[in-house]
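# Structural description and commentary
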Amino acid sequence: MTTPPTDDRSDLDLLRAHVDGDADAFGVLFARHRDRLWAVALRTMGNPEDAADGLQDGMIAAFRRAGSFRGDAAVTTWLHRVVVNACLDRLRAAKIRRFDALPDDVEDRGTVVATAVHDDEPDAAAEDAERRRRVLAALATLPAEQRAALVLVDMEGYPVAEVAEMLGCAEGTVKSRCSRGRTKLAALLADLHQPDGDPPHGNPPPDGPVQPTVRPRGPPVS
C-alpha cells in the first residue's frame, strides 16, 4: 500500500488549493482517501477492472468539477458521491451483472465471512473462500442502487444521513434500499448464518446489516 504524502492541510484547504492552481494538492487529497474510495468502487462494480474504470471516472470528474464544490458537505462525502455516481453510471450503461474473481491483495473482515488464518487447515481455508465467494456473488445480484446503499451503510459504516448526501437522495430512500437489499441477501445466504447441523427455522431477519466482506488494500498501481 502506498503511504499517503504528509500534508497538514485539511481536505477543504487542499481542494481550494487545487482550484487555485496548486498542481500537487489534488494528488495529496486523493492519496489521503484512496484506499476507501477504491473499496467502495470495487464493491459497487464487483470486479477490479470495472472498479478501476469507475474510480478513474470519478476522480477525473472531481478534478474537473472541484470549483463547483459548495462546501455544504464534507469533502470526503463529496468525493465518495462523485465516485459512487461514476460507478452507477457505468453499471447502468453497461448493465454489468458479472462478479469476477477478486484480486489476491484483499483481506476479510466482519462476521458473516470473517476468516481466521488457516495456514495449517486447508479445509477450513477452502470453506472460508467459498463463503466469501457466495457473499460477493449474492451482492452482485442486487440492483445497482441497492448495492451502493448497502456497500456504503453496512460495509463502509457511513451514517444513513451521509450516504443520502453521497447518493443525492432522501434518508428514507437509503433505508428502503438497504432494507430491500438485506431481504434479498438474507434469502440467498440463509444457510451461511446456520451452525453446522442446525436446520434453518423460518426466514432470517431482513433488516440486520450486511457484514463487510473484503477490504482492498489498495487500487492497482499503474
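Treat the numbers as computed from the prediction; the structure is a model and nothing was measured.

Quick notes on the rules
Residue numbers restart at each chain and count upward from 1, following the sequence in its written direction. In view of the model being predicted, local features appear only for residues whose pLDDT reaches at least 70, and side-chain atom pairs are presented and counted only at 80 or more, with totals across whole chains, interfaces and linings using the full set of residues. By convention in this description, side-chain values take in all heavy atoms of the structure and omit both hydrogens and water. Strands here are runs of E lasting at least two residues and helices are runs of H or I lasting at least four, both read from the DSSP assignment and numbered beginning at the N terminus. Two residues qualify as a contact provided that any one of their heavy atoms is within 4.5 Å of a heavy atom in the partner residue. Using a 1.4 Å probe, accessible areas were evaluated by the Shrake-Rupley method; residue-level cover was limited to the displayed protein chains. Any Lys or Arg side-chain nitrogen found within 4 Å of a carboxyl oxygen on Asp or Glu counts as a salt bridge. For each residue, the accessible area found with a 1.4 Å probe, counting protein chains only, is set against the maximum for its type, and the residue is called buried under 20%, exposed over 50%, and partly exposed in between. Every helix has an expected span of 1.5 Å times one less than the residues it contains. Directions are taken from the helix axis to each C-beta atom, and the arc is the one they span. Polar contacts here mean pairs of N or O atoms no more than 3.5 Å apart (in protein, one a potential hydrogen donor and the other a potential acceptor; neighbouring residues in sequence count only if both atoms are side-chain atoms). Remark: nonpolar core denotes a set of buried residues (Ala, Val, Leu, Ile, Met, Phe, Trp, Tyr, Cys) joined through side-chain atoms within 4.5 Å. Note on geometry: axes are lines fitted to C-alpha atoms, helical ones only across the stretch in contact, with angles between N-to-C directions running from 0 to 180 degrees. Angles below 35 degrees are treated as roughly parallel, those above 145 as roughly antiparallel, those between 65 and 115 as roughly perpendicular, and all remaining angles as oblique. Crossing handedness follows the turn of the near helix against the far one: under a right angle anticlockwise gives a left-handed crossing, and clockwise gives a right-handed one. Amino acids are sorted into nonpolar (Ala, Val, Leu, Ile, Met, Phe, Trp, Tyr, Cys and Pro), charged (Asp, Glu, Lys and Arg) and polar (every other residue, Gly among them). The quantity known as pLDDT measures the predictor's confidence residue by residue, on a range of 0 to 100.

### Some details on the overall build of the protein
A tally of helices and strands in the protein yields eight helices and two strands. Moving toward the C terminus, one meets the helices and strands of the protein in the order α-α-α-α-β-α-α-α-α-β. Pairs at least 24 residues apart make up 72% of the contacts formed inside the protein by residues separated by at least 6 positions. Summed over its atoms, the accessible surface of the protein is roughly 11500 Å², and 50% of this surface lies on carbon and sulfur atoms.

### Some details on the pattern of salt bridges
What the rule picks out here adds up to 13 salt bridges. The residue R36 makes a salt bridge to E156 at a minimum N-O spacing of 3.0 Å. Taken together, the residues span a long stretch of sequence, with R36 in helix α2 (residues 25-45) and E156 in the loop between α6 (144-155) and α7 (160-167) at a distance of 120 residues. Across the salt bridge formed by R92 and E145, the nearest N and O atoms sit 2.9 Å from each other. Here the residue R92 occupies a position in helix α4 (residues 75-94), and E145 occupies one in helix α6, the gap between them amounting to 53 residues. Owing to a relative accessible area of 41%, R92 belongs among the partly exposed residues under this scheme. Classification of E145 as partly exposed rests on a relative accessible area of 25%. One connected set of salt bridges, linked through shared partners, spans D7, R9 and D22.

### A word on helix α8 (residues 171-188)
Compared with the 26 Å implied by 1.5 Å per residue over 18 residues, the 26 Å span of α8 between its first and last C-alpha is a close match. Looking only at α8, the buried set comprises V174, R177, C178, G181, R182, L185 and A186. For α8, the angular spread of the buried residues around the axis is 160°, confining them to a single face.

### Quick word on the side chain of E156
For E156, a relative accessible area of 8% translates into the label buried. In this structure the side chain of E156 is engaged in a polar contact, spanning 2.3 Å, whose partner is the side chain of R43.

### Concerning the nonpolar core
Core analysis: the largest hydrophobic core is formed by 51 residues, its most contacted members being M59, W78, L79 and L152. At the level of elements, α1 (11-19), α2, α3 (48-65), α4, α5 (122-140), α6, α7 and α8 are the ones that each hand at least two residues to this core. Of the residues forming this core, the biggest block, ten residues, is contributed by α2. Leave out the neighbours within four places in its chain, and M59 touches F26, F30, L37, L79 and V83.

### Quick look at the environment of R81
Residue position: R81 is located in helix α4. Between the C-alpha atoms of R81 and M166, which are 85 residues apart in sequence, the distance is 4.0 Å.

### Observations concerning the packing of α3 against α4
Relative to each other, α3 and α4 sit at 130°, their axes nearing to 8 Å. What the angle tells us is that α3 and α4 run oblique. Relative to α4, the crossing made by α3 is right-handed. In this structure, α3 contributes D53, G54, L55, D57, G58, M59, A61, A62 and R65 to the contact, and α4 contributes W78, L79, V82, V83, A86, C87 and R90. The residue makeup of the contact of α3 with α4, split by class, is ten nonpolar, two polar and four charged.

### Description of the confidence of the model for the protein
Across the protein, the average pLDDT comes to 78, with 72% of residues at or above 70. Taken element by element, the predicted model of the protein shows its lowest mean pLDDT in strand β1 (residues 106-108) (36) and its highest in α1 (96). Of the regions scoring below 50 in pLDDT, residues 96-118 engages in 67 contacts with residues more than four places distant in sequence or in other chains.

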